[in-house]
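Reading the structure
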Amino acid sequence: MSSTPGTSHGRPPLHAVQVLGGGGGGSGAHVRSLAGGLVARGLRVTVCAAGCAEARYGFTGAGASFEALPAGTDALVVAGIRAASAHADVVHAHGLRWGVLAALALRGRATPLVVTWYRRVCAAGARAHVVRLMERRAARGAAVVLAPSPDLVDQARLRGARDARLAAVALPAPRALPDDGDDPLRDKLLAELGVMGRPLLLAVGRLEAEQGYGPLLDAARAWRHLDPEPLLLVAGEGPERGALQRRIEDECLPVRLVGRRDDVPQLLAAADVAILPSRWEARSLLAQEAFQAGVPLVATSVGGVPDLVGDAAELVPYGDAGALALAVTGLLEDPSRRERLVMAGRVRLGEWPSEDDAVAHVLSVYDELSGWR
């Protein structure tokens, strides 16, 4: 009979250290899910992250230990990672920057490093050169690079990864939400947002140029003429907030920037259409959450999005504000089309990797690297 993973042949449990920053972009939820699944399979898991990540994701509630990374310079962070991984059998860094810092922390040690590369960084000029250097250091410092889309796997190989593989990244199960369209909590939320009696559109993401909010605001001009006029909510913070707010005010656009929100599932449940206008995405968290919430999605046909959503979303070219405006308007005017997309999204959900699939895939990589079996 085979032994339980992590406790093979009387050895102590395999110790896996997870390294990440604040957990944005879905990495925190993924690590929380991963930690719980690995602990349930007999591993010892330490999460090494910014202090705010524990408060937000509750890694210790999943059975993991938590080590807060020191604030300050990269040298201090590297020292913190090195100390936390002193007795690790494998270190798993989540994100490009954390892959680089973990590789520096493990220098001179035989501890294998796994890096999950979640997204492509779009940059130009001198910053593009820095990004390429970081990509090379993370890719070459890892024993295995995992990525959620084929183009990122190819990018890792291009940057010198010895072993780059497609990752089975799952979206954690959603919190239970009321599914009654007349639910008083939903009505209360809509009233607070000022959207009673008008359609609600929702976009979620960091306020930066790569997220495609410029073309999205261009598209919003076309929605001013609809009756009733829809309201677009944009949830997130970032360096473009000031410029976006000025445009909204100067052009009298039906758009509201609502900042970073902890109730995105509730906002999605209240929305009529979700919008993903990004220049590039791998395995978009918003797309997955929209399907979970039963909300029709309009998204740009970029990166891993087409493979992720299939025919369960309206896809438009990046930067084409006219196509984006027409797709959203068409859905608002066609309830049967919205319902067909929702049904297709539910089918698509069943085709994606489960949390168990994601944990099993990562565990197989750990076992392979550590020679535990």
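As shown above, the structure is provided for reference.
Residues numbered from 1 in each chain as written. Predicted model: local features only at pLDDT ≥ 70, side-chain atom pairs only at ≥ 80, totals over all residues. Heavy atoms only, no water.

Here the focus is the sheet that holds strand S12 (residues 297-300). A sheet is described by the order of its strands in space; here six strands give the open sequence S10-S9-S8-S11-S12-S13, paired in parallel fashion. The sheet terminates laterally at strand S10 (255-259) and strand S13 (314-316), the two strands that pair on one side only. Neighbour-to-neighbour, the strand axes of this sheet turn through a mean angle of 20°, independent of strand direction. Two elements, S12 and S13, share three bridges in a ladder whose sense is parallel. Residue pairing across strands places threonine 300 opposite valine 316, the latter belonging to S13. Strands strand S8 (200-204), strand S11 (273-276) and S12 of the sheet are contacted by helix H11 (residues 285-293), whose axis makes an angle of about 165° with S11. (Pairing = 2+ DSSP bridges. Helix = DSSP H or I, 4+ residues; strand = E, 2+ residues; numbered from the N terminus. Axes fitted to C-alpha atoms, helices over the stretch in contact; angles between N-to-C directions. Contact = heavy atoms within 4.5 Å.)

With respect to the helices and strands, arginine 241 occurs in helix H9 (residues 241-250). A residue is classified by how much of its surface remains accessible, and arginine 241, at 27% relative accessible area, is partly exposed. Setting aside residues up to four positions removed in sequence, arginine 241 forms contacts with Leu207, Gly236, Leu257 and Gly259. (Buried < 20%, exposed > 50% of the residue type's maximum accessible area, 1.4 Å probe, protein only.)

Before going further, it helps to examine the environment of glycine 25. For glycine 25, the location among the structural elements is in the loop between strand S1 (15-19) and helix H1 (27-40). Overall, the relative accessible area of 73% leaves glycine 25 in the exposed class. Considered as a pair, glycine 25 and serine 284 are 259 residues apart in the sequence and their alpha carbons are 8.6 Å apart.

Along the polypeptide, arginine 32 turns up in helix H1. Accessibility expressed as a relative area gives 32% for arginine 32, which makes it partly exposed. For arginine 32 and threonine 60, which are 28 residues apart along the polypeptide, the C-alpha to C-alpha distance reads 8.9 Å. Non-local contacts of arginine 32, meaning those with residues more than four positions away in its chain, are made with Tyr57, Gly58, Phe59, Gly61 and Ala62.

Where burial is concerned, most of helix H4 (residues 96-105) is hidden: eight out of the 10 residues are buried. Of the residues making up H4, those classed as buried are Leu96, Trp98, Gly99, Val100, Leu101, Ala102, Ala103 and Ala105. In the core, the buried residues of H4 are packed alongside S1, helix H3 (74-84), strand S4 (90-94), strand S5 (113-116) and helix H5 (125-141).

This brings us to the pairing of S8. Most of S8 sits out of view: four of its five residues are buried. Two strands pair when backbone bridges link them, and S8 and strand S9 (residues 231-235) are joined in this way by five bridges, in the parallel orientation. When the sheet's bridge partners are listed, valine 204 is paired in S9 with alanine 235. Note on the crossover from S8 through helix H8 (residues 213-223) to S9: the handedness is right-handed. By the bridge criterion, two bridges tie S8 to S11 in an arrangement that is parallel. Directly across from leucine 202, in S11, lies its bridge partner alanine 274. (Right-handed = clockwise from strand over helix to strand, strands pointing away.)

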